[in-house]
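A look at the structure
What follows is the residue order along each chain.
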Amino acid sequence: MGVRRLERWWPGWLLAGVIAFVAYLAMPYGWAGYLLSGSAGLTAVVCTLIGVRAHRPEDARGRLLFAAGVSLWAAGDFVYAVSDLRGVTLPYPSVADYCYLSAYPLIAVGLFRLVRRGGRRSTSGLIDLAIVASALSLIYWVLVVGPLVRDDSMPVGARATGIGYAVMGVLLVGTGTPMLVRGGRSSPSTWLLRIGIAVVVVSNVTYVLAPAVGELAFAGFVMTYVCWAGAGLHPSVSEPTAAAGPETFGRGRFAALAASTLLVPGVLFMEGLRHPADIDWRAIGAGALVLFLLVLVRMSGFVRQVQRQAGQLEDLAMRDDLTGLANRRLFEERLGALGGAGSPQVAIIDLNGFKDVNDRFGHSYGDRLLQEVAERLTGSVRGDDLVARMGGDEFAVLLPDAPASAMKGLVERLAAALRKPIRAYDQELLVGVSIGYADGAGVDDPYEVLRRADVAMYEAKQLGGGRSCRWRADLDQAAGERSRLGAELRIALDADQLHLVYQPIVELPHGRIVSVEALVRWQHPTRGFVSPAEFIPIAEQSGLIVELGAWVLSTACRQAVRWHDDLGKAAPARISVNVSARQLAEPGFADFVADVLSTTGLPAERLVIEVTETAVFGGGQTVEAVVALHRAGLRIALDDFGTGHSSLGLLQTVPVDILKVDKSFVDNITMAGRHAVIATALIQVAAGLGLEAVAEGVETPEQAAELHRLGYRLAQGYHFGKPVVQPDFHPAELTTT
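Here goes a summary of the coordinates provided. (Residues numbered from 1 in each chain as written. Predicted model: local features only at pLDDT ≥ 70, side-chain atom pairs only at ≥ 80, totals over all residues. Heavy atoms only, no water.)

Looking only at helices and strands, the chain features 26 helices and 16 strands. For the chain, the residues scored as buried account for 49% of the 737 residues in total. Within the chain, contacts between residues separated by at least 24 positions form 71% of all contacts whose residues are at least 6 apart in sequence. As presented, the chain carries roughly 34,700 Å² of accessible surface, and 59% of it is formed by carbon and sulfur atoms. (Helix = DSSP H or I, 4+ residues; strand = E, 2+ residues; numbered from the N terminus. Buried < 20%, exposed > 50% of the residue type's maximum accessible area, 1.4 Å probe, protein only. Contact = heavy atoms within 4.5 Å. Areas by Shrake-Rupley, 256 points an atom, 1.4 Å probe, with all protein chains shown as cover.)

Written out as structure tokens, the structure reads:
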């Protein structure tokens with residue numbers, strides 16, 4: 001095994017440290033132990049210097065300071081070794097003690113620099129450090145400093161040295177603890193550094209609490225030197241020791257703070273058992289007061305942080321990720337808040353040909369187009385008007401209180417602004433717009449204005465691209481067409497015009513199919529293919545969704561059982577079925593699902609019920625149905641997670657097993673920005689709550705690879721397979737690259 005391989009096999013350094021620990025304990029007390037300790041320390045210094053020169057770490061200054069401190073520790077060991085060989089008894093304090101004491105500040109400053117390389121330490125981090133240091137100071141005062149201060153028989157120099165060791169011990173433990181409790185991924189070099197710090201912290205505390213077993217503490221220092229030698233020499237020393245980004249309040253930090261606050265009663269009980277008549281009440285009381293104040297400050301800061309983050313999440317929930325505009329939720333809230341006051345005006349703007357842009361140039365061009373449209377819309381309205389992206393390529397403008405003439409003028413400005421070519425990277429793009437608008441005249445319900453504007457927009461699209469239309473009463477007659485389509489859907493249910501297709505849900509990174517999602521398709525005898533986007537809303541409005549959903553559920557369950565019988569282990573482990581709010585609101589829906597499972601023979605754990613955030617947002621019967629299904633053993637998936645109402649709040653009220661992360665967060669996952677931050681936050685939420693996360697809409701291997709890197713292990717999208725009648729459950733593995 002070559003030198004480079006020895007460098008990279010970092011657990012070998014840990015093993016060497018354990019061997020050195022045992023070897024020190026096996027040696028007789030005297031010069032041999034000191035020589036071993038000093039040699040190990042010198043090795044750590046040399047390895048650190050070689051590593052800094054060879055690998056050029058970002059935190060080189062911190063490591064050099066750290067190495068300087070370790071060299072002084074090693075020098076102290078050599079002084080003791082030489083004096084013992086010569087048979088000379090060193091005084092207390094001696095040159096060795098001066099070396100040891102001088103080393104602590106250098107090591108502490110070096111550690112502090114290494115810990116904060118990811119960014120400036122936050123106020124909360126400093127307070128946490130103060131809490132740990134205060135608790136340790138209390139122990140050192142009660143056990144070491146206090147007795148030394150009161151011992152008049154000891155020379156002043158000896159007492160000062162003992163107090164110095166105690167103060168330096170608090171300094172070392174206080175600066176080393178943050179690295180031990182810091183979260184995030186750690187490199188092999190950082191792991192060795194952290195292990196060494198943990199051993200030296202334990203050794204310091206052990207020596208204070210139990211001086212009789214001091215040899216264990218000294219052996220721990222030898223092990224620390226070996227670990228630090230590996231940390232300095234390993235190639236990963238070039239990676240930052242502290243992860244960039246905000247500090248997180250993880251389990252390690254919580255445990256450290258909890259243990260620190262418990263030290264006060266612990267010291268009180270200990271002193272009560274040791275010296276019940278001579279308890280240092282003033283020191284313990286002062287320590288308790290300091291810790292109380294620090295914890296109080298920390299909690300107030302934590303509350304402010306939570307409030308600030310809640311505000312940021314609320315802002316994210318109210319804003320469209322791509323354009324920064326208000327989203328549908330905020331738009332509807334603002335519209336609803338108007339009530340019957342004023343004369344609200346609403347315009348709905350739909351882009352014509354947007355899909356062609358995506359298909360021809362790709363989604364990145366489509367996204368850039370949407371961003372430019374958002375900027376032009378914003379630049380065309382007044383300061384108190386609201387522009388929102390309602391979804392896809394649809395936008396809306398709300399004029400809270402304006403005459404009809406103001407809306408007409410605005411529509412003309414909007415049309416003129418969007419008539420000009422839009423620059424998207426290297427392309428000049430032209431898109432048409434269809435604008436529908438309406439006012440609140442004669443209506444008490446502000447949402448009726450939005451409905452009328454939507455009806456007018458549909459009419460503008462029917463008239464051709466680049467048109468605008470104001471709502472008229474006769475436009476509602478267009479609802480007749482939707483009624484006809486609803487009637488034909490009724491016939492389709494009876495005439496077997498509907499069929500199911502199944503889209504694979506795969507396991508990353510290899511692409512093995514683990515489950516499928518059932519999707520309904522309609523092949524009309526004269527209309528041809530009718531998109532679900534057309535007939536599902538009509539089914540919802542007419543109530544046919546209940547019967548349609550029952551047919552989908554029964555058909556999907558029967559198919560899942562057939563696959564299991566025919567394919568055995570190759571069959572998908574689970575099948576997902578979408579359920580609407582209307583179905584969930586039906587009395588006895590959970591019992592109906594149980595009957596379907598009993599009839600088809602499909603085990604409950606193999607069926608996943610997918611619900612949208614909107615479906616369960618209102619609570620009541622829909623949530624009760626979901627709870628009943630979950631209790632029956634079915635798995636619940638929250639579909640399009642992150643795009644609906646108060647996503648995080650729903651996780652507290654609705655039993656959820658799976659989060660299906662919406663495609664909008666996946667489209668630009670390979671690009672730095674808000675989308676990547678949100679996608680990362682969502683997988684962290686899922687992991688923290690013990691939920692599975694499925695990334696939807698994965699279309700490229702690059703997206704799949706990035707999702708896998710972020711921690712996603714399940715994905716769905718055209719990259720892995722389109723919805724088909726019979727998926728291939730024996731394909732070659734489709735990796736993320």
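Time to look at the side chain of Glu 706. Locating Glu 706 in the fold gives a position in helix α26 (residues 701-710). Of the polar contacts made by the side chain of Glu 706, one reaches the side chain of Arg 709; its length is 2.8 Å. Not counting residues within four places of it along the chain, the set of residues in contact with Glu 706 comprises Ile 669 and Thr 670. (Polar contact = N/O pair within 3.5 Å; in protein donor to acceptor, adjacent residues only side chain to side chain.)

Before going further, it helps to spend a moment on the pairing of strand β6 (residues 432-439). The buried fraction of β6 amounts to 7 of the 8 residues, a majority that puts the element mostly inside the structure. Here strand β1 (residues 345-352) pairs with β6 via 8 bridges, running antiparallel. By the bridge assignment for β6, Val 346 is matched with Ala 438. The pairing of β6 with strand β7 (residues 468-470) spans 3 bridges and is classified as parallel. What sits directly across from Ile 435, in β7, is Ser 468. (Pairing = 2+ DSSP bridges.)

As a further point, take the sheet that holds β1. Taken in spatial order, the 5 strands line up as β2-β3-β1-β6-β7 in an open sheet, and their pairing is mixed. Each of the sheet's edge strands pairs with one partner strand only, and the pair in question is β2 (386-391) and β7. Going from strand to strand, the sheet's axes swing by 20 degrees on average, the running direction of each strand aside. Contacts between helix α15 (residues 404-419) and the sheet are confined to β1, β3 (394-399), β6 and β7, with β6 contributing the most and set at about 170 degrees to the helix. (Axes fitted to C-alpha atoms, helices over the stretch in contact; angles between N-to-C directions.)

Counted according to the given criterion, the structure contains 25 salt bridges. Where Arg 470 meets Asp 439, a salt bridge forms, and the shortest distance between an N and an O atom there is 2.3 Å. One end of the pair, Arg 470, is in strand β7; the other, Asp 439, is in strand β6, with 31 residues separating them in the sequence. On the basis of relative accessible area, Arg 470 is assigned to the partly exposed category, the value being 28%. Across the salt bridge formed by Arg 451 and Glu 448, the nearest N and O atoms sit 2.8 Å from each other. Placement of the pair is Arg 451 and Glu 448 together in helix α16 (residues 446-463), with a separation of 3 residues, close to one helical turn. Owing to a relative accessible area of 33%, Arg 451 belongs among the partly exposed residues under this scheme. Connected through shared salt-bridge partners, Glu 517, Glu 610, Lys 660 and Glu 696 make up one network. (Salt bridge = Lys/Arg side-chain N within 4 Å of Asp/Glu carboxyl O.)

We now examine the nonpolar core. If you look at the biggest cluster of nonpolar residues, it comprises 77 residues, and the most contacted ones within it are Leu 584, Leu 607 and Tyr 712. The element best represented in this core is helix α19 (residues 544-567), accounting for 10 residues. Not counting residues within four places of it along the chain, the set of residues in contact with Leu 607 comprises Leu 553, Cys 557, Ile 575, Val 577, Val 593, Leu 597, Leu 602, Leu 634 and Arg 635. In this structure, Trp 13, Ala 67, Val 70 and Ala 96 belong to the second largest nonpolar core, which totals 50 residues. (Core = buried A, V, L, I, M, F, W, Y, C linked by side-chain atoms within 4.5 Å.)

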